[in-house]
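Listed below, chain by chain, are the residues.
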Amino acid sequence: MPSSVGMDILAPLSGVIVPLDSVPDPVFARKMVGDGVAIDPTSSEVLAPVAGDVTQLHSAHHALAITTEQGVEVLVHVGLDTVTLEGAGFTPLVALGDRVEAGQPVLRLDVETIARRARSLLTEVIVTSGDRVARLVPASGLAQAGQTVLLRLELAAPAGAVAAPVGETVQSGLVKVPNAMGLHARPAAVLAGEAKKFASAVRLLRGAQSANAKSVVAIMGLSTRQGELIRFEATGPDARAAAERLALLVDRGCGEDVSEAPPPPAQPPVLRAVASGLDELTGVPASPGLAVGRVFQHRHAAIEVAEAGAGPDQERARFAAAVREAARQIDALRRHLSDGSKAEILQVQIALLEDPDLLEIAEGFLRQGKSAGFAWREAYREHAARLEALESPLMRERAADLRDVGARLLALLAGITQAQAEVPEGSILVADELTPSETAEFDRARIVGFCTTTGGSTSHVAILARSLGIPAVCGIDESALSLPNGTRVVLDGLLGFLRVRPDERQVEQVRTRIAEQAAQRELDQVAAVGPGRTRDGHHVEVAANVRSLDDVRQAVAAGAEGVGLLRSEFLFLGRATAPSEDEQAAAYTAMAELLGKDRPLVIRTLDVGGDKPLAYLPLPREENPFLGMRGIRVSLEYPDLFRAQLRAVLRAAPAGKVHLMFPMIASLEEVRAAKQILAEEQQAIPRAVKVGVMIEVPSAAVTVELLAREVDFFSIGTNDLTQYTLATDRGHPRLARNADALHPAVLRLIAMTVEGAHEFGKWVGVCGGIASDPLAVPLLVGLGVDELSVSIPSIVPVKAALSRWRLHECADLANDVLRCRTTAEVRAALAQQVQQTDPASAARVLP
């Protein structure tokens with residue numbers, strides 16, 4: 001048996017040695033970063049505790065790491081919360097990559113400055129590479145800098161080391177992160193999944209920082225932001241292909257539709273909510289609405305696991321079986337969710353179970369003889385703590401994903417069956433945090449509101465509550481957790497407060513307001529039951545924009561008269577290979593059957609390209625993807641992909657009223673080329689479908705009379721039409737507010753399209769964002785638009801707005817607006833007319 005190798009770590013500072021579990025910071029005390037000790041310092045110069053290379057030097061200079069020749073990484077972290085000093089009081093004496101000797105000065109401290117501004121000077125000395133250590137013995141008492149042996153290590157013998165990939169090392173070019181929220185969970189999962197296909201080792205580089213590109217957690221841990229420049233470095237037999245492919249994938253958004261407008265700004269940051277009075281607790285508004293109910297406290301039970309294992313092989317087998325069962329449970333939950341966004345969140349959790357960085361940490365503990373439960377607990381808690389420490393609020397909230405899947409797997413390893421308590425009817429659920437799987441499992445019919453002490457407007461509970469129309473407040477004062485079950489409360493999700501023990505008068509006032517809101521919704525629902533009509537009976541079809549079969553169900557339930565835009569990309573995005581013809585045909589047929597013979601299903605052919613990429617489609621890198629390979633151009637460039645989709649649409653045609661629509665048409669030649677391919681496929685599948693085109697670029701609008709001779713209908717995509725007409729990127733941080741679809745130039749192009757199409761007896765719809773705006777509805781009707789295809793939540797208010805106007809009033813409004821010279825004049829004219837004709841709607845949509 002080989003003898004063990006020892007290593008001594010010297011004290012970097014003089015002072016009193018403090019056990020790590022006594023440090024008043026749970027990240028260190030719970031050894032989430034690693035094991036070691038702390039020093040309450042009496043000296044002001046930090047010395048290198050070991051000989052090695054400086055492998056980490058934080059930009060705030062409060063922390064550095066040195067890695068020895070044996071691969072042991074030692075972190076020296078000066079003080080608590082010292083990162084907020086942004087370097088004040090710290091003078092580095094070495095640089096990243098320097099070789100240092102044990103006892104060499106590496107950092108000079110201005111103790112007075114740090115002590116005055118930081119929470120504590122306690123300095124942590126931690127071994128972060130736990131897999132390299134078999135035993136660690138800390139010292140106690142007083143330490144003398146550079147002389148006292150602070151930690152004595154017994155190193156683990158290398159076991160099962162993976163050989164480094166053989167081959168060239170290649171770096172990609174710089175690529176700008178296009179995703180509005182950076183590389184968060186979903187794009188990180190797509191990127192890591194793609195990286196795993198390559199044999200080469202791949203790292204994602206952002207300046208001096210890097211992450212394992214095959215690890216979802218590591219990618220998220222970089223906390224990238226939109227617009228930041230990154231690159232990839234790959235080493236191995238397929239390094240060049242890996243680097244180029246991953247750079248292209250990031251450039252195209254990692255499966256996310258980066259053409260869509262970024263999400264609304266988060267609420268102003270609230271670090272800790274405060275009680276606004278003895279009877280009212282405030283937090284972050286997360287989902288609007290009022291609720292009267294009684295408190296039900298939701299608690300998370302602590303799961304205890306033994307540290308010692310029964311042997312590495314036996315524990316590995318237990319761990320693998322638990323991972324498989326956790327994945328099965330999560331997948332079962334995912335399949336029962338009708339909310340596509342929530343299903344995607346759970347899909348990310350399955351990817352976390354396969355994360356190589358997490359599994360490697362757990363494996364390190366298993367090699368030391370730890371139990372599977374202990375190994376997994378340490379691995380997932382460490383990474384969750386890292387996410388919570390990041391600047392991005394979204395990344396901090398995404399730590400809930402990791403804790404959720406971590407607790408599920410830990411419960412399986414501990415032999416605990418997780419079961420939720422029975423929630424009484426009329427409950428307002430109060431919790432420190434609600435995880436994605438918990439929100440998926442609750443009996444939602446019994447819950448009238450959510451209230452959590454953590455999270456914000458982008459947290460899972462906020463997303464779920466908004467999708468269900470349930471009021472919610474996040475980041476509430478922690479005293480809410482002390483409220484007894486059954487306490488009567490009023491929750492206001494719009495203003496963000498929880499009123500405790502309201503009197504009868506207050507309850508009655510709230511119930512009156514709830515009744516008034518419900519009455520207005522009922523009135524709007526009445527208008528949504530039948531076809532969309534103006535007050536004098538003019539029919540304007542109100543259809544829905546959808547992505548999936550579940551969306552179609554929701555649209556029909558909301559009163560949609562059909563689907564005016566099926567974004568067929570939903571079948572193609574977020575996967576490694578293209579969907580087969582059979583898979584597409586089955587999906588389109590199911591939607592057509594659900595809609596029936598009278599409601600149309602307008603299927604837009606694949607609309608991807610520079611801003612909406614496919615992981616498996618090798619599109620070239622372009623300087624301006626919005627003016628490059630997009631929409632119909634991609635389909636014509638890849639005819640096999642196009643033909644398979646056309647055949648699937650033709651096969652689905654007998655199931656309902658199926659129409660076909662080509663996106664991003666700029667010329668008559670493109671229409672004819674697409675129709676020629678369709679005609680060829682119809683030779684084998686002789687079924688007729690109506691053919692339409694999207695009006696998204698000015699050239700299509702001004703040549704509409706030429707196009708009208710070739711197609712059956714038009715649909716105006718006002719989002720792209722606006723940005724192409726005004727030469728303004730609607731995602732630009734400074735110019736986006738100018739990309740207004742109510743600009744006179746855009747409105748005149750809409751009027752021109754309607755006039756030219758009607759001359760040839762062809763109908764015109766609008767499927768862009770303006771169609772969902774009740775303020776713009778009478779204007780579009782006055783311009784002659786025949787169909788409004790809107791978001792599902794907008795179906796009821798759009799139909800309600802229609803019902804309050806007469807056709808001649810809409811026409812008069814359009815004539816007045818077309819004489820306006822600026823966007824401001826247009827909005828002022830709309831505001832004046834809407835106030836006079838539709839005061840109820842004006843109260844909701846006008847500032």
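Keep in mind it's a predicted model, so treat the numbers as computed, not measured. (Residues numbered from 1 in each chain as written. Predicted model: local features only at pLDDT ≥ 70, side-chain atom pairs only at ≥ 80, totals over all residues. Heavy atoms only, no water.)

A few words on the overall build of the protein chain. From N to C terminus, the protein chain includes 27 helices and 36 strands. The buried share of the protein chain, reckoned over its 847 residues, is 53%. Within the protein chain, contacts between residues separated by at least 24 positions form 70% of all contacts whose residues are at least 6 apart in sequence. Element-wise, carbon and sulfur atoms account for 52% of the exposed surface of the protein chain, whose accessible area totals about 36200 Å². (Helix = DSSP H or I, 4+ residues; strand = E, 2+ residues; numbered from the N terminus. Buried < 20%, exposed > 50% of the residue type's maximum accessible area, 1.4 Å probe, protein only. Contact = heavy atoms within 4.5 Å. Areas by Shrake-Rupley, 256 points an atom, 1.4 Å probe, with all protein chains shown as cover.)

The subject of this paragraph is helix α24 (residues 795-802). Among the eight residues that make up α24, seven are buried, leaving the element largely enclosed by the rest of the structure. Residues of α24 that are buried: I795, V796, V798, K799, A800, A801 and L802.

Moving on: the pairing of strand β28 (residues 497-500). Sheet topology places strand β21 (residues 280-282) next to β28; three bridges connect them, and they run antiparallel. Of the residues in β28, the one forming a bridge with E280 is R499. In this structure, strand β27 (residues 488-492) lies alongside β28, joined through four bridges in antiparallel fashion. Bridge pairing in β28 places D492 opposite F497. (Pairing = 2+ DSSP bridges.)

Bringing the nonpolar core into the picture now. F662, F714 and L788 are the most contacted members of the largest nonpolar core, which has 97 residues in total. For this core, the element with the highest residue contribution is helix α22 (residues 744-759), accounting for seven residues. Counting residues in each nonpolar core, the second largest holds 36 residues, with I9, V76, V100 and L136 among its members. (Core = buried A, V, L, I, M, F, W, Y, C linked by side-chain atoms within 4.5 Å.)

Here we take up the confidence of the model for the protein chain. Of the residues in the protein chain, 81% have a pLDDT of 70 or more, and the chain-wide mean is 81. Here residues 260-278 is modelled with pLDDT under 50, and outside its nearest four sequence neighbours on either side it reaches 24 contacts, counting other chains as well. Taken together, the stretch residues 839-847 has pLDDT below 50 and engages in 15 contacts with residues farther than four places along the chain or on a different chain. (pLDDT = per-residue confidence, 0-100.)

Each aromatic ring pair is summarised here by two numbers: the centre-to-centre distance and the angle between the ring planes. By the definition in use, this model includes five aromatic pairs. Ring geometry for F365 and F374: centres 5.8 Å apart, planes at 85 degrees, overall edge-to-face. No difference in accessibility class separates F365 from F374, as the two residues are buried. For the ring pair W376 and Y380, a centre distance of 5.8 Å and an interplane angle of 40 degrees mean the geometry is tilted. (Phe/Tyr/Trp six-rings, centres within 6.5 Å; stacked < 30°, edge-to-face > 60°.)

Now for helix α21 (residues 718-726). Summarising burial for α21: seven of the nine residues are buried, a large majority. All of the buried residues in α21 are T718, D720, L721, T722, Q723, Y724 and L726. Where α21 is buried, its residues touch β33 (690-695), α19 (698-702), β34 (713-716), α22 and β35 (763-766). Positive phi shows up at A727, right after α21, with a value of about 50 degrees.

Time to look at the pattern of salt bridges. Summed over all chains, the structure comprises 35 salt bridges. One salt bridge connects R152 with D8, and the closest N-O pair in it is separated by 2.9 Å. Separated by 144 residues along the polypeptide, R152 in strand β14 (residues 149-155) and D8 in strand β1 (residues 5-10) bring together distant segments of the chain. One salt bridge connects R206 with E228, and the closest N-O pair in it is separated by 3.0 Å. Of this pair, R206 sits in strand β17 (residues 201-206) while E228 sits in the loop between α4 (216-221) and β19 (229-235), and the two are 22 residues apart along the sequence. When its relative accessible area of 15% is taken as the criterion, R206 is described as buried. Given a relative accessible area of 24%, E228 falls into the partly exposed group. One network of salt bridges, in which partners are shared, links E581, D582, R643, R647, R651, E680 and E681. (Salt bridge = Lys/Arg side-chain N within 4 Å of Asp/Glu carboxyl O.)

What follows concerns the sheet that holds strand β6 (residues 63-67). Spatially, the eight strands line up as an open sheet ordered β9-β5-β6-β7-β11-β3-β2-β13, and their pairing is antiparallel. The open sheet is flanked by β9 (99-100) and β13 (142-143), the only strands paired with a single partner.

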